[in-house]
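# Inside the fold
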Amino acid sequence: MNFEQIKDKLEPVMDNQKLPIFINVPYELVEANIERVAGLGVGIEVYAENNILDGLNISDAKELGRKLRDSGIMCTAHAPFMDLSPGGYDEKIRTISKDKIKKAVEMAWQLNAISIVCHPGYNKWYFDGNVQLWLDNSVKTWTEVLGEAKGGPLVLLENIFEETPDTLIALFGYFKDKDLYFCFDSGHFNLFSAVPLEAWLVPLKNRIREMHLHDNHGKSDEHLPIGRGAFPFRELRVFVKQLTGIIYTSEFHSETHALESIKNLKEFLS
């Protein structure tokens with residue numbers, strides 16, 4: 001199945017509750033776990049960390065994508081984020097960041113991934129509150145990334161350190177007629193947001209294409225199963241019921257939480 005077929009089918013498939021939930025798996029661990037993942041009946045979000053990308057053989061990624069398809073496993077992708085600053089002031093750092101993300105998009109192409117999640121990189125402390133500086137440079141970066149992804153994986157930006165959705169709303173405003181979308185991360189919201197859940201979900205509703213759903217107690221990014229922390233999942237569930245065509249990903253970071261995380265996410269969506 002090619003990208004357009006997947007994207008055309010995404011919304012009706014969700015209506016029929018046939019799109020699997022996804023779990024995050026590092027690129028280097030995917031091939032060894034294909035049989036286990038197939039047995040769980042889930043899809044994979046393939047995470048490519050910075051150093052893996054440097055040595056990535058594109059033909060190997062293409063072969064991995066074939067193996068996933070042959071096993072009936074749908075996939076998405078997650079770009080690297082450590083040390084990267086796609087909206088950064090320093091041109092060399094921004095160029096390195098952009099090139100890393102574009103390499104991740106190339107990987108996503110070869111995997112036949114539906115989407116690729118990226119971190120936008122705004123942090124009020126790094127930028128001393130200078131949102132316009134970050135915006136101007138971000139527009140340059142994401143314009144190139146979208147060019148790399150055109151006709152392929154959907155590009156999504158995920159909330160991280162943002163206390164409000166304002167910077168993301170502003171950035172999406174620059175791309176109002178382009179395929180740049182939002183991935184809502186419940187754990188990051190719980191850690192950093194200074195505004196209520198609806199302040200994020202209502203203005204960004206039409207941009208949401210994916211959610212990373214995990215829990216924490218508001219002190220560290222614990223990546224716990226839904227219901228184990230303090231995130232307001234009951235409130236989110238009311239909103240989710242209004243949506244179609246959304247990719248839901250369980251991002252557990254401990255294998256001991258795998259089965260519970262999958263089970264709880266399925267129950268949350270039922």
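Everything that follows concerns the structure shown earlier in this document.
The present account deals with the structure reproduced in this document. Just so it is clear, the structure is predicted and the values come from calculations on it, not from any experiment.

## Describing the overall build of the protein
When helices and strands are counted, the protein shows 13 helices and 8 strands. Here the C-alpha atoms of the protein give a radius of gyration of 17 Å, agreeing with the 18 Å that 2.2 N^0.38 yields for 270 residues. Taken over the C-alpha atoms alone, the protein extends approximately 50 × 45 × 35 Å along its principal axes. Buried residues in the protein amount to 53% of all 270 residues. Intrachain contacts of the protein at a sequence separation of at least 6 include 77% that bridge at least 24 residues. For the protein, the accessible area works out to roughly 12,700 Å², and carbon and sulfur atoms hold 51% of it. For the protein, the centre of its 29 positive side-chain charges and the centre of its 39 negative side-chain charges are spaced 4 Å apart.

## Section: the pairing of strand S7 (residues 208-212)
Successive residues of a regular strand alternate their side chains across the two faces of the sheet. With 4 of 5 residues buried, S7 lies mostly within the body of the structure. Here strand S6 (residues 180-185) pairs with S7 via 4 bridges, running parallel. Within S7, the residue paired with Asp-185 across the bridge is His-212. Pairing geometry for S7 and strand S8 (residues 247-250), over 3 bridges, is parallel. Its bridge partner lying in S8, Met-211 is registered against Tyr-248. Following the backbone out of S7, through helix H12 (residues 233-240) and into the adjacent parallel S8, one traces a crossover that is right-handed.

## Quick notes on the state of the cysteines
Enumeration according to the criterion identifies 0 disulfides in this entry. The structure places no disulfide on Cys-75, whose sulfur is separated from the nearest cysteine sulfur, that of Cys-118, by 14 Å. Free of any disulfide, Cys-118 has its nearest neighbouring cysteine sulfur in Cys-183, separated by 10 Å.

## A short note on the sheet that holds strand S3 (residues 75-78)
Taken in spatial order, the 8 strands close into a barrel running S1-S2-S3-S4-S5-S6-S7-S8, and their pairing is parallel. Averaged over all adjacent pairs, the angle separating strand axes in this sheet is 30 degrees, with direction ignored. Helix-sheet contacts for helix H9 (residues 166-174) involve strand S5 (154-158) and S6, and the interaxial angle to S6 is about 160 degrees.

## A word on the side chain of Ser-138
Tracing the sequence through the fold places Ser-138 in helix H8 (residues 131-149). Among the residues examined, Ser-138 registers a relative accessible area of 0% and is labelled buried. A polar side-chain atom of Ser-138 sits 2.7 Å from the main-chain carbonyl oxygen of Trp-134. Beyond its immediate stretch of four places on either side in the chain, Ser-138 contacts Pro-86, Gly-87 and Leu-171.

## What about the environment of Phe-22?
The residue Phe-22 is located in strand S1 (residues 22-26) in this model. Distance in space between the C-alpha atoms of Phe-22 and Gln-132 is 35 Å, their sequence separation being 110 residues.

## A short note on the pattern of salt bridges
Scanning the model with the defined rule gives 10 salt bridges in all. Taking the shortest distance from any N to any O, the salt bridge between Lys-67 and Glu-31 comes out at 2.2 Å. Linking Lys-67 in helix H5 (residues 58-70) with Glu-31 in the loop between helix H2 (27-30) and helix H3 (34-40), this pair joins segments that are 36 residues apart in sequence. Judged by its relative accessible area of 25%, Lys-67 is partly exposed. On the basis of relative accessibility, which here comes to 46%, the residue Glu-31 falls in the partly exposed class. With a shortest N-O distance of 3.1 Å, Glu-163 and Lys-124 are connected by a salt bridge.

How each quantity is defined
- Residues numbered from 1 in each chain as written.
- Predicted model: local features only at pLDDT ≥ 70, side-chain atom pairs only at ≥ 80, totals over all residues.
- Heavy atoms only, no water.
- Helix = DSSP H or I, 4+ residues; strand = E, 2+ residues; numbered from the N terminus.
- Rg over C-alpha atoms; globule rule 2.2 N^0.38 Å.
- Buried < 20%, exposed > 50% of the residue type's maximum accessible area, 1.4 Å probe, protein only.
- Contact = heavy atoms within 4.5 Å.
- Areas by Shrake-Rupley, 256 points an atom, 1.4 Å probe, with all protein chains shown as cover.
- Lys, Arg positive; Asp, Glu negative; His and termini not counted.
- Charge placed at Lys NZ, Arg CZ, Asp CG, Glu CD.
- Pairing = 2+ DSSP bridges.
- Right-handed = clockwise from strand over helix to strand, strands pointing away.
- Disulfide = S-S within 2.5 Å.
- Axes fitted to C-alpha atoms, helices over the stretch in contact; angles between N-to-C directions.
- Polar contact = N/O pair within 3.5 Å; in protein donor to acceptor, adjacent residues only side chain to side chain.
- Salt bridge = Lys/Arg side-chain N within 4 Å of Asp/Glu carboxyl O.

Honestly, it's all geometry; don't read function into it.
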